[in-house]
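Geometric and topological summary
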Amino acid sequence: MLVSALPGADAENFGACPPVLAATRPPTSPRPPFGESPHVSNIISASDLTAGEKRLLFWASFLSLAAAGVGFAFRVAMGGEYGAELDLSNQQIGEVFGASLWPIALTMIGFSLVIDRTGYKLPMVIAFLLQVGSGVGTFLADSYLGLYLASLAAGLGHGIVEA
């Protein structure tokens, strides 16, 4: 069996670091090797969470994605009304909707790198603030720029949630 070929590994603790590899770097090393996180020992895996914490994480993730979906549906449904109220052209309405889409890719890439170092709490707080700001900004928008910035905040927040 391939598992038994690794030094210090067996079927029960497969995935644990073999003792030979674990001892290659002294524990007092000031900097980890290139590409290795300095907080490796602080990583929490699913097995470290209680059933209640797993359930809370699931619902927080589900509700974050659902809120983002409702926000997108709202922007599509209300585009015509906002366009008429603010005297926007069809191109401007499309730009406002597009402003909620393109930031997702950027923040997914950027924050996926940040989350590995910081954990999920700070990015999720930032995403929450961006989503709330987007909702309030959309409600209070009285110009194309205000509506565009509110949509931009929604896209940034959604991208962080996706990361």
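As the structure is a prediction and not an experimental result, all values here were calculated from the model.

**Some thoughts on the overall build of the protein**
Each helix and strand counted, the protein has 6 helices and 0 strands in total. Sequence-ordered secondary structure for the protein, helices as α and strands as β, is α-α-α-α-α-α. Residues classed as buried in the protein amount to 25% of the 163 residues present. Across the protein, every contact between residues at least 6 apart in sequence was considered, and the portion connecting residues at least 24 apart equals 69%. Total accessible area on the protein stands at roughly 11200 Å², and carbon and sulfur atoms take up 68% of it.

**Notes on the packing of aromatic side chains**
All told, the structure shown has 5 aromatic pairs when counted by the stated rule. Each residue in the set Phe 58, Trp 59 and Phe 62 is aromatic and connected to the rest through ring pairs, giving one cluster.

**Topic: the nonpolar core**
It is characteristic of soluble globular proteins that their nonpolar side chains tend to be buried jointly. Counting 7 residues, the largest nonpolar core consists of Tyr 82, Leu 86, Leu 88, Ile 93, Val 96, Ala 141 and Leu 147. Leu 86 has contacts with Ala 141, Asp 142, Ser 143 and Leu 147, leaving out every residue within four places of it along the chain.

**Comments concerning the packing of helix 5 (residues 121–140) against helix 6 (residues 144–162)**
At a minimum axis separation of 8 Å, helix 5 and helix 6 run at an interaxial angle of 155°. One element, helix 5, and the other, helix 6, form an angle in the roughly antiparallel class. As for how helix 5 packs across helix 6, the hand of that crossing is left-handed. Contacts between helix 5 and helix 6 involve Pro 123, Met 124, Ile 126, Ala 127, Leu 130, Gln 131, Ser 134, Gly 137 and Thr 138 on the former and, on the latter, Gly 146, Leu 147, Ala 150, Ala 153, Ala 154, Leu 156, Gly 157, His 158, Ile 160 and Val 161. Of the residues that constitute the contact of helix 5 with helix 6, the class distribution is 12 nonpolar, 7 polar and no charged.

**Some points on unusual backbone geometry**
The residue Asp 87 is not glycine, and still its phi comes out positive at about 55°. Examined against the element boundaries, Asp 87 turns out to sit in the loop between helix 2 (51–85) and helix 3 (90–98). With relative accessibility at 69%, the residue Asp 87 sits in the exposed group.

**Structural notes on the confidence of the model for the protein**
A residue-level look at the protein finds 72% of positions with pLDDT of 70 or above and a mean pLDDT of 78. Below pLDDT 50 for its whole length, residues 1–6 participates in 6 contacts with residues either more than four positions away or in separate chains. Here residues 17–26 is a poorly scored stretch, pLDDT under 50, and it has 8 contacts once near neighbours within four places are set aside; other chains count.

**Thoughts on helix 2**
Taking 1.5 Å per residue as the helical rise, helix 2 with its 35 residues ought to reach 51 Å, and the 49 Å between its terminal C-alpha atoms agrees with that figure. At Met 78, helix 2 shows its largest bend, some 55°. Along helix 2, the residues that are buried comprise Ser 64, Ala 68, Gly 71, Phe 72, Arg 75, Gly 79, Tyr 82 and Gly 83. Elements that come into contact with the buried residues of helix 2 comprise helix 3, helix 4 (102–118), helix 5 and helix 6. Positive phi appears at Asp 87, one or two residues downstream of helix 2, with a value of about 55°.

**Digging into a nonpolar patch on the surface**
Together, Val 125, Phe 128, Leu 129, Val 132, Val 136, Phe 139 and Leu 140 make up a nonpolar patch on the protein surface, roughly 740 Å² of accessible area in all. Structurally, Val 125 can be placed in helix 5. For Val 125, a relative accessible area of 42% gives the class partly exposed.

Parameters and conventions
Residues numbered from 1 in each chain as written. Predicted model: local features only at pLDDT ≥ 70, side-chain atom pairs only at ≥ 80, totals over all residues. Heavy atoms only, no water. Helix = DSSP H or I, 4+ residues; strand = E, 2+ residues; numbered from the N terminus. Buried < 20%, exposed > 50% of the residue type's maximum accessible area, 1.4 Å probe, protein only. Contact = heavy atoms within 4.5 Å. Areas by Shrake-Rupley, 256 points an atom, 1.4 Å probe, with all protein chains shown as cover. Phe/Tyr/Trp six-rings, centres within 6.5 Å; stacked < 30°, edge-to-face > 60°. Core = buried A, V, L, I, M, F, W, Y, C linked by side-chain atoms within 4.5 Å. Axes fitted to C-alpha atoms, helices over the stretch in contact; angles between N-to-C directions. Parallel < 35°, antiparallel > 145°, perpendicular 65-115°, else oblique. Left-handed = near helix turned anticlockwise from the far one by under 90°. Nonpolar A, V, L, I, M, F, W, Y, C, P; charged D, E, K, R; others polar. pLDDT = per-residue confidence, 0-100. Expected span 1.5 Å × (residues − 1). Bend = angle between axes of the 7 residues up to and from the residue. Patch = residues over 30% accessible without salt bridge, like charges linked within 9 Å, V, L, I, M, F, W, Y side chains within 5 Å. Salt bridge = Lys/Arg side-chain N within 4 Å of Asp/Glu carboxyl O.

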